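Here's the letter readout for the chains.
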Amino acid sequence: MLAELGLAMLWLAAALAGLQLVAGSVALTKDGEGLGGIVRPVAVVQGVLAAAAFASLIWLFVQTDTSVKLVAENSHSAKPLIYKIAGTWGNHEGSMLLWVTVMGLAGGFVALVERRLPERTMMATLAGQAFVSLGFYAFLLFASNPFQRLNPAPQEGNGLNPLLQDPGLAFHPPTLYLGYVGLSIAFSFAIGALVTREVGPAFARAMRPWVLGAWIFLTLGITAGSYWAYYMLGWGGWWFWDPVENASLMPWLAATALLHSASVLAARNALRAWTVMLGVVAFSMSMVGTFLVRSGILTSVHAFAVDPRRGGFILALLAINIGAALVLFALRAGTVTEGERFEVTSREASLVFNNVMLSSILGIVLLGTLYPLVTEAMGVKVSVGPPYFTPMSAVFAVPMLVVLAIGPLLRWRHDRFKRVSPVLAAPLAVTIIAAIGFAVGGVTSTMSLIALSLAPGLAVASVLPLRGRHLGRAPLSLWGMVIAHLGLAVALFGMGADGAFTKERLIAARVGESVDVGPWQVKLGAITPVAGPNWTALEADLVASYDGASPDHLKPQSRTFWAPPQTTSVSALHTRWNGQLYTVLGEETHDASSAAMPTGRWQLRLWWKPFVPMIWLGGILVALGGFLALLSRVRQDLKRRTVRARGDIRRGDREEREAA
Amino acid sequence: MTGTGLRAKHQRLVLLGVALVVLLVAGLLAAWALRNQASYFYVPSEILAKPPEADRSVRLGGMVVRGSMKDAPDGVTVNFLVTDGKQQVPVRFAGIRPALFVEGSGVVAEGHWTNGLFTADNLLAKHDEKYTPREMQGMTTDQAHKTIAETK
């Protein structure tokens, strides 16, 4: 019953999206203004209905109702509750329903609270949001119905991929989706502003908090995803340039650029067309990512469905949405009036530079991700990996980081380089000292050396905007920028440290044997069998001592699931202030002469990774910076609103008195 | 660009021009690098016919030949042969093997080709129990490509 109810709510939500599109468009015409009143409530109800449909799917998963096909294929009654819930979005249909839900809720939220834009622009924005939503509703209802029944219902479900049975899964995809889909708001704002020709500072100010919100979630989602891959795959790497990772990086790059150009537009009324364009590009990248991940064109943990029809559907949606937005842009770009001027040494110019560099990195990543698909269509199988992505993106990232150090110190519109150059002496000196120090210290990898020398200088430069200010009285948005830029420096240092200082040991050890890795001495204490709710495992007890200090116990496992049957290794990590010890247990080795003879030696892979956790610490700092900036924007807006409301009341009182 | 004499329209054009040039450069750079540095995918008969340079990262795909897997005395290195049905090449891998990496199964190895030996840094084995070794017998290069495309 619940499945049918969920489906009905989904249909109803889709119908409301249609109504929202029609009413919003009609409200733009002269005669149709009366219809405008229903658009906001319709958007809210649509969001609530989509959320209710999603909630009923979660409930079906919690109950493990195997008469629903999706549940039967992806769940199992013996799974812990958290993975039953997380399993809701650990598959194609459920994740698309999550996408639609987030989109509906975001639209409803905008309709509920956004009051700064002119009402006409708001109508166009909500109509645009409904247009995009409709496509995804159609995709869900016609090509990937999550509520489909299965008759007869099987006794038991198939279970969830063990790689996905991890707390990381409960957190990482919904966070990323909030980011991906949150960018649809920026897209709709851009459409709305183009339709009503209202591209200006007010538009940028209204759009900025929404972009910031989406960007914070994207940042957190990428950081969490990177950490998940790091400890889950047992390969010790934190970024593989896997197409799915690229799919999340591309919207982030576009959103970062959009965030900065929206600031220019809000503060200085420049970069109008560029900002609108980025609004379109950012969400387009979200959709390209969805297409890559969901179409089954790529095969990885993330590609749930290999179904060409679905791929075709998403590709069509992509073409319609992006195509329509670009046509609209081409028609209206000429009418977007000139922005304010600025000079080469100005904050605007440095932000333009940052934007162009971010877009170039985006282009590099996009081309590298799509290239294998293109060549495969022509019959040549190619895989593009880190040897392409890392140096090519560094070509643009390094100049961007240099300008990032200088830009925030410059004044708007016009500045002289002479004014800031004395201030820049400190970060420059730090960079040079770091470069010499690490080069002499034996860092040979060029990439690592660049990262390790740039990071300290960047860290110093990023706090420079606070100099001479009373720290308690500095505006919150300034703190936001400082912390976000500092986070970037911290992450950069972690990335450099990974390549430069990581020590690895790979051995087959007997119980009782000790191994050295970097400053650690690790002893294999014991191998014991353990059992979990839906798996059994062999667990190693590793007694690890740092530089002779009192030992810590690490317990990596080789874990075997029975539904579906699969073995994964579960790494164990120990984090200190200066790095992380990373341990993986393999299998018992076999004798070279006879494969069946156990030898009592166990494969162990040990890494000492100095400063590597700084990568994710940096990511969290970047998101925190974004959060502070968002907080300051919302606070300013609320203040303005109360002041205006008070003014209205006072004016009303006066009018009454005068009338009396 | 001193700005004083520059009109808004001109500035816009200059900005647009600069942005386009940089993006174009990025595109050309990407195209050049993709042609040169993309790690290519090989099956054994291709890697023997046209060996890649020793320092280039490539991928090798094929079936693990039955009875060819030999553990080295250090306990972590394994030597085996990979075939595409026509030719076979030796592969060495040191590390923790993926669970479904067994003789007769499909594998994609990432690594380097040096002097007739493929040294793998990483093994990607097909995570699917449905795969049967029977399919590898008499496999053509095309079929191998197809099987391997499904691997990972």
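This structure is a prediction, so every number in the text was calculated from the model and none was measured.

### As for the nonpolar core
Residues and elements named next belong to chain A.
- The biggest cluster of nonpolar side chains holds 150 residues, and the ones touching the most others in it are Trp-99, Phe-136, Phe-203 and Tyr-388.
- Counting residues per element, this core draws most heavily on helix 9 (residues 243-268), which supplies 15 residues.
- Of all hydrophobic cores here, the second largest spans 20 residues; its members include Ala-572, Leu-585, Trp-602 and Leu-606.

### Side note on the layout of surface pockets
- Each pocket or cavity is described by its volume, and for the second largest pocket that value is around 1,100 Å³.
- As for the second largest pocket, its lining consists of 43 residues, of which Ala-273, Trp-274 and Met-277 of chain A together with Leu-16 and Ala-19 of chain B are closest to the centre.
- Taken together, the elements giving at least two residues each to the lining of the second largest pocket come down to helix 10 (272-294), helix 11 (308-332) and helix 12 (347-377) of chain A together with helix 1 (8-37) of chain B.
- Its residues assigned to classes, the lining of the second largest pocket shows 29 nonpolar, 8 polar and 6 charged.

### So, helix 5 (residues 92-113) of chain A
Residues and elements named next belong to chain A.
- Between its terminal C-alpha atoms helix 5 stretches 32 Å, which fits the 32 Å expected from 22 residues at 1.5 Å a residue.
- Of all 22 residues that make up helix 5, 18 are buried, and the element is covered over most of its length.
- The N-capping residue of helix 5, defined by a side-chain oxygen 3.4 Å from the backbone nitrogen of Glu-93, is Asn-91.

### Here we look at the packing of helix 1 (residues 2-26) of chain A against helix 2 (residues 36-62) of chain A
Residue and element names in this part refer to chain A.
- In contact at an axis separation of 8 Å, helix 1 and helix 2 are set at 160 degrees when each is read in the N-to-C sense. When the axes of helix 1 and helix 2 are compared, the pair comes out roughly antiparallel. The element helix 1 and its partner helix 2 pack so that their crossing is left-handed.
- By residue class, the composition of the contact of helix 1 with helix 2 is 21 nonpolar, 5 polar and no charged.

### Quick notes on the side chain of Ser-226 of chain A
All names here are of chain A.
- The residue Ser-226 is located in helix 8 (residues 201-232) in this model.
- From its side chain, Ser-226 meets the backbone oxygen of Trp-238 in a polar contact 2.9 Å long.
- Residues within four places of Ser-226 in sequence aside, it is in contact with Trp-238, Trp-239 and Trp-616.

### Some words on the packing of aromatic side chains
Residues and elements named next belong to chain A.
- If you walk through the whole model with that rule in mind, you get 27 aromatic pairs over all chains.
- By way of ring pairs, the aromatic residues Trp-99, Phe-136, Tyr-177, Tyr-180, Phe-187 and Phe-283 are connected into one cluster.
- For Arg-559, the ring lying beneath its charged end belongs to Trp-535, and the centroid distance is 3.7 Å.
- Positioned over the ring face of Tyr-546 is Arg-576, at 3.6 Å from the centre of the ring.

Reading the values: rules and limits
- Throughout this document, residue positions are counted from 1 along each chain, in the order its sequence is written.
- The naming scheme follows written order: chains are lettered A onward, ligands numbered 1 onward.
- This being a predicted model, a pLDDT of at least 70 is required before a residue's local features are given, and a value of 80 or more before pairs of side-chain atoms are given or counted; all residues contribute to the totals for chains, interfaces and linings.
- Hydrogens are left out, water is left out, and the side-chain values use all remaining heavy atoms of the structure.
- Here, nonpolar core refers to any group of buried Ala, Val, Leu, Ile, Met, Phe, Trp, Tyr and Cys residues whose side-chain atoms link them within 4.5 Å.
- Each residue gets one of three labels from its accessible area relative to the maximum for its type: buried under 20%, exposed over 50%, partly exposed in between, using a 1.4 Å probe on protein chains only.
- A run of H or I in DSSP becomes a helix once it reaches four residues, and a run of E becomes a strand once it reaches two; helices and strands are each numbered from the N terminus.
- Only protein atoms enter the calculation, which uses a 1 Å grid: trapped sets of points that fit a 1.4 Å probe without letting it out are cavities, open sets showing protein on both sides within 12 Å along at least five of seven lines are pockets, and any residue with an atom within 4 Å of a point is a lining residue.
- Grid points are joined across faces, edges and corners, and a volume is the space filled by probe spheres set on the points.
- Gly falls in the polar group here, along with every residue not listed as nonpolar (Ala, Val, Leu, Ile, Met, Phe, Trp, Tyr, Cys, Pro) or charged (Asp, Glu, Lys, Arg).
- Any helix carries an expected span of 1.5 Å times its number of residues minus one.
- Polar contacts, as counted here, are pairs of nitrogen or oxygen atoms within 3.5 Å of one another; within protein the pair requires one atom able to donate a hydrogen and one able to accept it, and residues that are adjacent in sequence qualify only if both atoms are side-chain atoms.
- For every element, the axis is a line fit to its C-alpha atoms; helices are fit only across the contacting stretch, and the angle between N-to-C directions ranges from 0 to 180 degrees.
- Put simply, angles under 35 degrees are roughly parallel, angles over 145 are roughly antiparallel, angles from 65 to 115 are roughly perpendicular, and the rest are oblique.
- Each helix crossing is assigned a hand: it is left-handed if the near helix lies turned anticlockwise from the far helix by less than a right angle, otherwise right-handed if that turn is clockwise.
- In what follows, residue pairs with any heavy atoms lying within 4.5 Å of each other are defined as contacts.
- Pairing of aromatic rings covers Phe, Tyr and the six-membered ring of Trp, with a centre-to-centre limit of 6.5 Å; geometry is then stacked below 30 degrees between planes, edge-to-face above 60, and tilted otherwise.
- For a Lys NZ or an Arg CZ to count as sitting over a ring, it must be within 6 Å of the ring centre and within 35 degrees of the ring normal.

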